[in-house]
Amino acid sequence: MVAENFIEFKDVGKVYPNGTVGLSHINLTIPKGQFLVVVGLSGSGKSTLMRTLNRMHDISSGDIMIDGQSIINYKGKQLRNLRRKIGMIFQNFNLVKRSSVQRNVLSGRVGYYSTWRSALGLFSQADKQKTVEALRRVGLGEKLYTRADQLSGGQQQRVAVARAFMQDPKIVLADEPVASLDPLTTDSVMNDLKKLNDDFGITVIVNLHSLELARKYADRIVGLRGGELVYDKTIDQVTDTDLDNIYQSEGPEPESEAIVMHSATEGVI
Ligand SMILES: Nc1ncnc2c1ncn2[C@@H]1O[C@H](COP(=O)(O)OP(=O)(O)OP(=O)(O)O)[C@@H](O)[C@H]1O
């Protein structure tokens, strides 16, 4: 494997069945172990880009390679193996709220079990032990038996990070993971993601609205607009002017977007 070409988007296009263009001519190469932040207005294609990687969305043109192999025609076992190696973090945490933290974190292992074993909760002792380790990593070691719905939003998101860790992922995709969290909790969750990246060389791709956060955590920032890649710089090349200008050629925004766009200086786009 050539590390520099761990993930490759080759002229990728995505048109939704209703004709909406989700992605257009995306060319992007992501090296192994990079912490990549994707920024862009609501509707610019960030989620679509992310979801093509684990085939939650299929692309309409081009190709996507992971580790030197095209993934776009994966089916059955190949697709399951792909998804098992890609951890996913969502804005709304996606936990089973009435289940314990332990059960939620263990569910990160289901890709490694037959359906009936995981349905019966027949997880190995080693995996139960790994759950404890995963929770300690996110500072929630004492919450093993707590019900997920008794945790704060930030704690729930950290459980989701622990669940992703359980997958032994090569890639973690986080789709606006901190959008509903306060600033302090936001930093904890971003730090948890950064630790996965630093400690295990996991490639992390995060969709964010906050430029300030992007700058704080990213190795590289890419920007999308209308499904196109309009910005791509490693963090040492990013300037304040870039960040101020990144969306300025967008023209007037509809009122709803203007609310989140209003202040590049506050780092919110
Ligand atoms: N299932 C779908 N069917 C049709 N169009 C869709 C679908 N999902 C997304 N789109 C459209 O594709 C475009 C890109 O959407 P996407 O959700 O990827 O943007 P985004 O940058 O992630 O936005 P947000 O920040 O609001 O999550 C938008 O125009 C959106 O309306």
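Residues numbered from 1 in each chain as written. Predicted model: local features only at pLDDT ≥ 70, side-chain atom pairs only at ≥ 80, totals over all residues. Heavy atoms only, no water.

Going by an unreviewed UniProt entry, the protein chain carries the name Phosphonate transport system ATP-binding protein and comes from Secundilactobacillus oryzae JCM 18671.

Asker: Is there a simple way to think about the sheet that holds strand 1 (residues 7-15) in this case?
Answerer: Paired through their backbone hydrogen bonds, the strands of a sheet run either parallel or antiparallel. Reading across the sheet, the four strands line up as 2-1-4-5 and stay open at both edges, with antiparallel pairing between neighbours. Where the open sheet ends on each side, the last strands, each with one partner, are strand 2 (21-30) and strand 5 (69-70). The pairing of strand 1 with strand 4 (residues 61-66) spans five bridges and is classified as antiparallel. Across the sheet, residue Ile7 finds its bridge partner in strand 4, namely Ile66. (Pairing = 2+ DSSP bridges. Helix = DSSP H or I, 4+ residues; strand = E, 2+ residues; numbered from the N terminus.)

Asker: Got a minute to help me understand the sheet that holds strand 10 (residues 228-234) in this structure?
Answerer: Spatially, 6-7-8-3-9-10 is the arrangement adopted by the six strands of the open sheet, whose pairing is mixed. Whereas interior strands pair on both sides, the edge strands pair on one side only; in this sheet they are strand 6 (86-90) and strand 10. For this sheet, the mean inter-axis angle between neighbouring strands, taken without regard to orientation, is 15°. Inspection of the sheet shows strand 6 paired to strand 7 (residues 171-175) by five bridges, in the parallel sense. From the neighbouring strand, Phe90 faces strand 7, where its bridge partner is Asp175. (Axes fitted to C-alpha atoms, helices over the stretch in contact; angles between N-to-C directions.)

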